[in-house]
Amino acid sequence: MAAHLSSGRVNLTALREAGRRELREFLDKCAGSKAIVWDEYLTGPFGLIAQYSLLKEHEVEKMFTLKAGRLPPADVKNIIFFVRPRLELMDIIAENVLSEDRVRSPLRDFHILFVPRRSLLCEQRLKDQGVLGSFIHREQYSLDLIPFDGDLLSMESESAFKECYLENDQTSLYQAAKGLMTLQALYGTIPQIFGKGDCARHVANMMIRMKREFPGGQNSIFPIFDTLLLLDRNVDLLSPLATQLTYEGLIDEIYGIQNTYVKLPPEKFAPKKQGEGGKDLPTEPKKLQLNSAEELYAEIRDKNFNAVGSVLSKKAKIISAAFEERHHAKTVGEIKQFVSQLPHMQAARSSLANHTSIAELIKDITTSEDFFDNLTVEQEFMSGIDTDKVNNYTEDCIAQKHPLIKILRLVCLQSVCNSGLKQKVLDHYKREILQTYGYEHILTLNNLEKAGLLKLQTSSRNNYPTIRKTMRLWMDDVNEQNPNDISYVYSGYAPLSVRLAQLLARPGWRSIEEVLKMLPGPHFEERQQLPTGLQKKRQQGENRVTLVFFLGGVTYAEIAALRFLSQMEDGGTEYVIATTKLINGTNWIKSLMEKLEPPPF
């Protein structure tokens, strides 16, 4: 089942196993039959650690979604709440427990499992509601880093960016440091730590302190990672705002990938039977899992979308040729061999059919005039054209009342590519947005300003062109089919975050000291002492392994760019990616939007 987690240089199955073990231990504490009441947000991340079969083995008979009112009837001895430490959820739990008690009192045991941390505030709230004493076990389950793929880990902390940059709440940074300590316990101490940004500095400090406070935790595991690179999201605010142009990036931009699953419009996936026409089309969205366990997806996920069609048609020819083989199978031995390959061939054929349908759905959008116009404006901004004045296309989109998030992405992109907007331009955009979409969005604009996405140009000097030239962030001649540079993931723009990782590996950050000073937050380097005998002697031709941790979120296009660097012949470094959350421009901006409820009169 989890073979794709062990396919890379670092076997991430060990991390998944540790998570499963901890879950089993907790379930076994609650003896007897069980029902789990889920905080809905947690079901996706948990699905990547443990399937229902594992829960069933430990006497979990029923599962419910946490909602107000009475709990559904269930003939079980234990009711376990799996929840995030949120105050509003405590009120619902209290209501559940109180309404339960009145009906059939002493028969059931209640337990609560906080994910990823216990919270005194939440326990106090339960106490105020008079239900704290009803819980026999009150524990925490540290689901810090969840393995998504053979080279990808995420904390799936949906509000980490907002907490760090708007609310000055460092809880998610503490979780990141905890997650890194867990990784080091499993895969050895990471000898070198590099970082850029304030949050990166905090995480590194917490890791060093945790190591000092648990001297017994000095493990004697041979280190698998050579380097840890901690990067703040606000060092590169540009990459998530731009439209991703890899296959996986576009699936996420258009349909949204949740915990490796995507829901797609069903009509493209209906089996076409002769003579039936279009009757009985399915109405349920088609749900597909996307990870490298699927051979074809692993091959095309990180390609620029324009290079996907040719791969699919090549695959189609290979598969139909393989099915043709059956006509040439004469002897019993040949027939037997063909039959033994059949399941694999049928899986390949259905995988191809799915991805051809997805590619058609995406192509309908990428060939539209609006997509092209939007992309043209983005690329003009990123290459430094007309970033200092009000953009006509953006104005037209506001006048036609295009989705607000699309407008905010364009305006923020322009602001970032111009190191802030002039007062006149900024005021004009704000006025247009508020008058068209409503004054309740004033709080959202305020949040975007606080986060540095939308800002006033304070100095007369725009630093972006210097950063763009020094870091080679814009490439005019991009080869999308056979790329030779990471800029293919945005068809011209090379993500700054990944350039930083690339230059750190070779020739080192000393070559870009000036640019690093222009980017927000400190840059630093720490070394962690390894016990004697564990120092790494690199074999001839063996690649270094670097863990890049994005604090505040990472996009699929950036992941594709890091995978491209890992696969380069002369790269010398393989990358594993960790993040607080997998994001795209839309859900990132959405997490910063503030709902201002209209007055009740």
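Residues numbered from 1 in each chain as written. Predicted model: local features only at pLDDT ≥ 70, side-chain atom pairs only at ≥ 80, totals over all residues. Heavy atoms only, no water.

K.L.:
Which parts of the structure should I look at to understand the overall build of the chain?
P.N.:
Looking only at helices and strands, one finds 23 helices and 15 strands in the chain. Against the 2.2 N^0.38 benchmark of 25 Å for 601 residues, the chain shows a C-alpha radius of gyration of 26 Å, consistent with a compact globule. Counting only C-alpha atoms, the chain reaches 75 × 70 × 70 Å along its principal axes. Out of the 601 residues in the chain, the part that is buried amounts to 52%. Counted over contacts in the chain with a minimum sequence separation of 6, partners at least 24 positions apart contribute 79%. Accessible surface, the chain as shown: approximately 28,200 Å² in total, 52% of it carbon and sulfur. The distance from the centre of the 74 positive side-chain charges to the centre of the 76 negative ones in the chain is 3 Å. (Helix = DSSP H or I, 4+ residues; strand = E, 2+ residues; numbered from the N terminus. Rg over C-alpha atoms; globule rule 2.2 N^0.38 Å. Buried < 20%, exposed > 50% of the residue type's maximum accessible area, 1.4 Å probe, protein only. Contact = heavy atoms within 4.5 Å. Areas by Shrake-Rupley, 256 points an atom, 1.4 Å probe, with all protein chains shown as cover. Lys, Arg positive; Asp, Glu negative; His and termini not counted. Charge placed at Lys NZ, Arg CZ, Asp CG, Glu CD.)

K.L.:
Would you explain helix H2 (residues 40-47) in this entry?
P.N.:
An α-helical segment advances 3.6 residues per turn. Residues three or four places apart therefore align on the same side. Taken together, the buried positions of H2 are Leu42, Pro45 and Phe46. Along the axis of H2, the buried residues cluster in a sector spanning 100°; they form a single face. (Arc of directions from axis to C-beta.)

K.L.:
Before we go on, may I ask you to explain helix H17 (residues 423-437) in this structure?
P.N.:
Helix length check: H17 (15 residues) gives 21 Å between terminal C-alpha atoms against 21 Å at 1.5 Å per residue, within 8%. Looking at H17, one finds that the buried residues are Val425, Leu426, His428, Tyr429, Ile433, Leu434 and Tyr437. Contacts from the buried residues of H17 go to helix H15 (392-399), helix H16 (404-416) and helix H18 (442-450). One or two positions beyond H17, positive phi appears at glycine 438, with a value near 115°. (Expected span 1.5 Å × (residues − 1).)

K.L.:
Which parts of the structure should I look at to understand the packing of H16 against H17?
P.N.:
Relative placement of two packed helices is described by the angle separating their axes and the distance separating the axes. Look at H16 against H17: their axes get within 12 Å of each other, and the N-to-C directions meet at 175°. Overall, the two elements H16 and H17 adopt an arrangement that is roughly antiparallel. From H16, Leu404, Ile407, Leu408, Val411 and Gln414 reach across to H17, where they touch Val425, Tyr429, Ile433 and Tyr437. (Axes fitted to C-alpha atoms, helices over the stretch in contact; angles between N-to-C directions. Parallel < 35°, antiparallel > 145°, perpendicular 65-115°, else oblique.)

K.L.:
Sorry, what's going on with the sheet that holds strand S1 (residues 34-38) here?
P.N.:
Sheet strands associate in pairs through backbone hydrogen bonding, adopting either a parallel or an antiparallel arrangement. The sheet built from 5 strands is open, its strands ordered S2-S1-S3-S4-S5 with parallel pairing. Both outer strands of the open sheet, strand S2 (60-65) and strand S5 (135-140), are each paired with one neighbouring strand and no more. Adjacent strand axes in the sheet meet at a mean angle of 20°, parallel and antiparallel pairs treated alike. Relative to S2, S1 runs parallel, the two sharing 5 bridges. In the strand pairing of S2, lysine 34 is matched with valine 60. (Pairing = 2+ DSSP bridges.)

K.L.:
Sorry if this is basic, but what is going on with the state of the cysteines here?
P.N.:
Should the sulfur atoms of two cysteines be covalently bonded, the bond is a disulfide. Using the criterion set out here, one finds 0 disulfides in the structure. Here cysteine 199 is not disulfide-linked; the sulfur of cysteine 164 is the nearest cysteine sulfur, at 4.3 Å. Owing to a relative accessible area of 6%, cysteine 199 belongs among the buried residues under this scheme. (Disulfide = S-S within 2.5 Å.)

K.L.:
I would appreciate a short explanation of the sheet that holds strand S7 (residues 152-154) in the present structure.
P.N.:
The 7 strands are arranged S6-S7-S15-S14-S9-S8-S13 in an open sheet whose pairing can be described as mixed. Since the sheet does not close on itself, it has two edges, and those belong to strand S6 (146-149) and strand S13 (523-527), each with one partner. Sheet twist, expressed as the average angle between the axes of neighbouring strands with direction ignored, equals 20°. Contacting S7, strand S9 (227-232) and strand S14 (544-551), helix H7 (residues 171-187) crosses the sheet at an angle of about 160° to S14.

K.L.:
Looking at this model, I keep getting lost on unusual backbone geometry. Mind explaining?
P.N.:
Trans is the prevailing form of peptide bonds, just as negative phi is the prevailing case for residues other than glycine. That bond from valine 115 to proline 116 is cis: its omega, 0°, falls within 30 degrees of zero. On the secondary structure map, proline 116 appears in the loop between strand S4 (109-114) and helix H5 (120-128). With an omega of 5°, the peptide bond between arginine 506 and proline 507 qualifies as cis. Examined against the element boundaries, proline 507 turns out to sit in the loop between helix H20 (496-505) and helix H21 (513-518). Located in the positive-phi region is asparagine 259, a residue other than glycine, with phi close to 50°. Locating asparagine 259 in the fold gives a position in the loop between strand S10 (257-258) and strand S11 (261-264). Residue asparagine 259 is classed as buried on the basis of its relative accessible area, which comes to 13%.

K.L.:
Which parts of the structure should I look at to understand the nonpolar core?
P.N.:
A general feature of soluble globular proteins is that nonpolar side chains tend to end up buried together. By size, the foremost hydrophobic cluster in this structure holds 164 residues, and its most contacted members are Phe82, Leu230, Leu453, Leu500 and Phe549. No other element matches the 9 residues that H16 contributes to this core. Sequence-distant contacts of phenylalanine 82, that is, excluding residues within four places in its chain, are made with Leu23, Phe26, Leu27, Ile36, Val37, Trp38, Asp39, Leu42, Phe46 and Leu113. With 23 residues, the next largest nonpolar core counts Ala35, Phe64, Phe81 and Ile93 among its residues. (Core = buried A, V, L, I, M, F, W, Y, C linked by side-chain atoms within 4.5 Å.)

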